[in-house]
Amino acid sequence: MKIIIIHGPNLNLLGVREPGIYGSESFDAFFDTLKKEYASLSLEYFQSNHEGALVDKLHEVGFSYDGIVLNAAAYTHTSVALGDAIAAIKTPVVEVHISNVYAREAFRHHSFISKHCAGVIVGFGLPGYRLALEYFARTQHS
Ligand code: DQA
């Protein structure tokens, strides 16, 4: 089963960036752990700070992969293009946010992508990615 985790802007700085909100573990270290825990899945990771690169990646994987775990970061709250890209592809997308966006500023309460996603996982920190992988590992998609 081919699953990709796609990260949007500033998430390359996880572990360094605002650790009180996002924790102090780098995503590279966490991703190594995930790959060991989910050795039966074929797991990939892609990060970009550029909206168009994220759209391109969704198009590239969105007709052949079994699942996409997407934390679009700030583009969640601004990008009609990412919402349209998810609507256009076939692969199911689970939206993840590390922090509880509903406990933060009002501009983080709206997502342009949620309505196009299979589900949304918010506020559980990095373990939220495990919940998304469990969804794909345990659910039959056809
Ligand atoms: C985030 C929440 C967004 O509001 C923010 O812009 C991010 C990270 C999260 O994972 O909690 O960059 O998506």
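Structure first, text after, so check above.
Right, let's walk through the structure included here. Because the structure is a prediction, the values reported are computed rather than measured.

**Here's the deal with the pattern of salt bridges**
Within the structure shown, the criterion is met by six salt bridges. Residue Arg17 is joined to Glu18 by a salt bridge in which the shortest nitrogen-to-oxygen separation is 3.9 Å. For Arg17, a relative accessible area of 18% puts it in the buried group. Here Arg104 ties to Glu105 by a salt bridge, and the two come within 4.0 Å at their closest N and O atoms. Overall, Arg104 belongs to the buried group, its relative accessible area being 19%. Residues joined in a network through salt bridges with shared partners are Arg104, Glu105 and Arg108.

**As for the side chain of His7**
On the secondary structure map, His7 appears in strand S1 (residues 2-7). By relative accessible area, which is 0% here, His7 ends up buried. A distance of 3.2 Å separates polar atoms of two side chains, one belonging to His7 and the other to Tyr45.

**A look at the site of the ligand**
The local shell around the ligand consists of Arg17, Tyr22, Asn71, Ala73, Ala74, His77, His97, Ile98, Ser99, Val101 and Arg108. Arg17 places a polar side-chain atom, nitrogen or oxygen, 3.0 Å from an oxygen atom of the ligand. About the coverage of the ligand: the protein hides 99% of its 320 Å² of free accessible area. In terms of residue class, the shell around the ligand is built from five nonpolar, four polar and two charged.

Calculation notes
- Residues numbered from 1 in each chain as written.
- Predicted model: local features only at pLDDT ≥ 70, side-chain atom pairs only at ≥ 80, totals over all residues.
- Heavy atoms only, no water.
- Salt bridge = Lys/Arg side-chain N within 4 Å of Asp/Glu carboxyl O.
- Buried < 20%, exposed > 50% of the residue type's maximum accessible area, 1.4 Å probe, protein only.
- Helix = DSSP H or I, 4+ residues; strand = E, 2+ residues; numbered from the N terminus.
- Polar contact = N/O pair within 3.5 Å; in protein donor to acceptor, adjacent residues only side chain to side chain.
- Near = heavy atom within 4 Å.
- Areas by Shrake-Rupley, 256 points an atom, 1.4 Å probe, with all protein chains shown as cover.
- Nonpolar A, V, L, I, M, F, W, Y, C, P; charged D, E, K, R; others polar.

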